[in-house]
Amino acid sequence: MTEAMIRKKPGMASVKDMPVLQDGPPPGGFAPVRYARRIPNTGPSATAIFLAAFGAFSWGMYQVGQGNKIRRALKEEKYAARRAILPVLQAEEDERFVKEWKKYLEYEAEVMKDVPGWKVGESVDGGCPHRLVSSALMFGDPVIPSHVAACQLS
């Protein structure tokens, strides 16, 4: 059904009755199309970026070096403090060791009192000690007696 029949008004009977209207360019023509590759020259150059990155890296490594110097000084201060109190700590350990050794010898004398020929504190393997007399000597430069150095430990 056509529009003329529905609305009871005259109208087009066919599309062919439409006037011919063809699109064309606007008056004065279209704007020119940019087809050339034109990259804008904005932002820093590659050299500037490289120098900035190198500068940041250099500054960071300088800061790491400064931190290492501070950390090294603190560590040296800690070790100096430890070296300063080491004789006191060593004396306390030696005193504790002597007390424990005396208690051990008393205990050995008590346990071995019925064994004939037993000498308290004497080595059972013919005078060749398998351990140092003081635990403190383990951390220093112990002077080893000649009878210990000549001993054949198996």
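Concerning the overall build of the protein
- Of regular secondary structure, the protein possesses three helices and zero strands.
- Shown N-terminal to C-terminal, the secondary structure of the protein runs as helices and strands in the order α-α-α.
- With 154 residues in all, the protein has 4% of them scored as buried.
- In the protein, the share of contacts with a sequence separation of at least 24, taken over all contacts with a separation of at least 6, comes to 35%.

Brief notes about the pattern of salt bridges
- As enumerated under the stated definition, the model contains five salt bridges in all.
- A salt bridge links E76 to R83; the nearest nitrogen and oxygen atoms lie 2.8 Å apart.
- E93 serves as the salt-bridge partner of R96, at 2.8 Å between the closest nitrogen and oxygen. Linking R96 with E93, this pair stays in helix α2 (residues 46-111), spanning three residues, or about one helical turn.

Topic: a positive patch on the surface
- Taken together, the side chains of K69, R71, R72, K75, K78 and R82 present a region of like positive charge at the surface.
- Its place among the elements puts R71 in helix α2.

Topic: the side chain of E108
- For E108, the position within the fold is in helix α2.
- Its relative accessible area of 9% is what places E108 among the buried residues.
- Those residues in contact with E108 that sit more than four places away from it in its chain are W118, K119, V120 and G121.

Side note on a nonpolar patch on the surface
- Nonpolar side chains collect at one region of the surface, where W101, Y104, Y107 and V111 lie side by side and expose about 420 Å² of accessible area between them.
- By secondary structure assignment, the location of W101 is in helix α2.

A look at the packing of aromatic side chains
- What the rule picks out here adds up to three aromatic pairs.
- Pairing F50 with F54 gives two aromatic rings, centres 6.4 Å apart and planes at 20°, and the pair type is stacked. Linking F50 with F54, this pair stays in helix α2, spanning four residues, or about one helical turn.
- Residue classification places F50 among the exposed residues on the basis of a relative accessible area of 54%.
- For F54, a relative accessible area of 49% puts it in the partly exposed group.
- Ring centres 5.4 Å apart and planes at 35° place the aromatic pair W101 and Y104 in the tilted group. Here W101 pairs with Y104, and both are found in helix α2, just three residues apart, close to one helical turn.

Structural notes on the confidence of the model for the protein
- Residue-level pLDDT values for the protein average 80, and 70% of them are 70 or greater.
- Mean pLDDT in the protein bottoms out at helix α3 (residues 146-149), which sits at 53, and peaks at α2, which reaches 95.

Analysis parameters
Residues numbered from 1 in each chain as written. Predicted model: local features only at pLDDT ≥ 70, side-chain atom pairs only at ≥ 80, totals over all residues. Heavy atoms only, no water. Helix = DSSP H or I, 4+ residues; strand = E, 2+ residues; numbered from the N terminus. Buried < 20%, exposed > 50% of the residue type's maximum accessible area, 1.4 Å probe, protein only. Contact = heavy atoms within 4.5 Å. Salt bridge = Lys/Arg side-chain N within 4 Å of Asp/Glu carboxyl O. Patch = residues over 30% accessible without salt bridge, like charges linked within 9 Å, V, L, I, M, F, W, Y side chains within 5 Å. Areas by Shrake-Rupley, 256 points an atom, 1.4 Å probe, with all protein chains shown as cover. Lys, Arg positive; Asp, Glu negative; His and termini not counted. Charge placed at Lys NZ, Arg CZ, Asp CG, Glu CD. Phe/Tyr/Trp six-rings, centres within 6.5 Å; stacked < 30°, edge-to-face > 60°. pLDDT = per-residue confidence, 0-100.

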